Amino acid sequence: MAIRYYDSAMVEKIKAWVKDPNMTVISPSDSTRFFQMRADQMDDKPLKLPMIVLSRDSDIEIISTAKRALTYDAGHITNDQGDRNKSTPSVSKVLNAIPIKLTYQLDIYTKYFAEADEYMRNIIFNVVNYPKVEVDIPYNQDFIRHDSSLRMESEVMDNS
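Okay, so let's go over this structure. (Residues numbered from 1 in each chain as written. Predicted model: local features only at pLDDT ≥ 70, side-chain atom pairs only at ≥ 80, totals over all residues. Heavy atoms only, no water.)

## Quick notes on the overall build of the protein
Helix and strand content of the protein: 5 helices and 9 strands. Ordered by position from the N terminus, the helices and strands of the protein form the series α-β-α-α-β-β-α-β-β-β-β-α-β-β. By residue count, 26% of the 160 residues in the protein fall in the buried class. Long-range contacts, defined as pairs at least 24 residues apart, comprise 65% of the intrachain contacts of the protein with a sequence gap of at least 6. (Helix = DSSP H or I, 4+ residues; strand = E, 2+ residues; numbered from the N terminus. Buried < 20%, exposed > 50% of the residue type's maximum accessible area, 1.4 Å probe, protein only. Contact = heavy atoms within 4.5 Å.)

Structure (structure tokens):
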């Protein structure tokens, strides 16, 4: 499965939204050992805030387990990078895929409540208005750009 590519795309998307040079964004692969890792890196000194920790639920939902054309006959992706004035053909790629649903949790750690509130407001605004996440997936010695979308649950937990 190509789940790690979705994780990387999510981390990059969050970094692009935040734009704070002091903000650290921790990926799901690092969040499993997050506190242990940070304590080791900091020689048991206090953590440096602000920090966003992205974690992924270990359960991966397969959206449809039924055989579909996408799973066995593949999806055909056309790449029109050629010049329209020249006779360069468009490139067609084939991708076998099984649609899945990944569930992420975003934890924001800050020193002050107002700062956390500002980050949360910014992230909610961006998820609602810019839900597209571009994921580059390596496939047959090439990369295929897949557009994925974010959906947010209607309730946000605040553990100030």
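Next comes the rest of the write-up.
## Side note on the side chain of N126
With respect to the secondary-structure elements, N126 resides in helix α5 (residues 113–129). Contact partners of N126, with chain neighbours within four places excluded, come to W17 and P131.

## Topic: the pairing of strand β8 (residues 132–138)
Alternating positions in β8 separate cleanly, V133, V135 and I137 being buried on one face and K132, E134, D136 and P138 remaining unburied on the opposite face. Where β8 meets strand β9 (residues 143–149), 7 bridges bridge the pair, whose relative direction is antiparallel. Following the sheet pairing, E134 is matched in β9 by D147. Taken together, β8 and the strand that follows it, β9, pair antiparallel across an intervening segment of 4 residues, in which N140 is found at a positive phi of about 55 degrees. (Pairing = 2+ DSSP bridges.)

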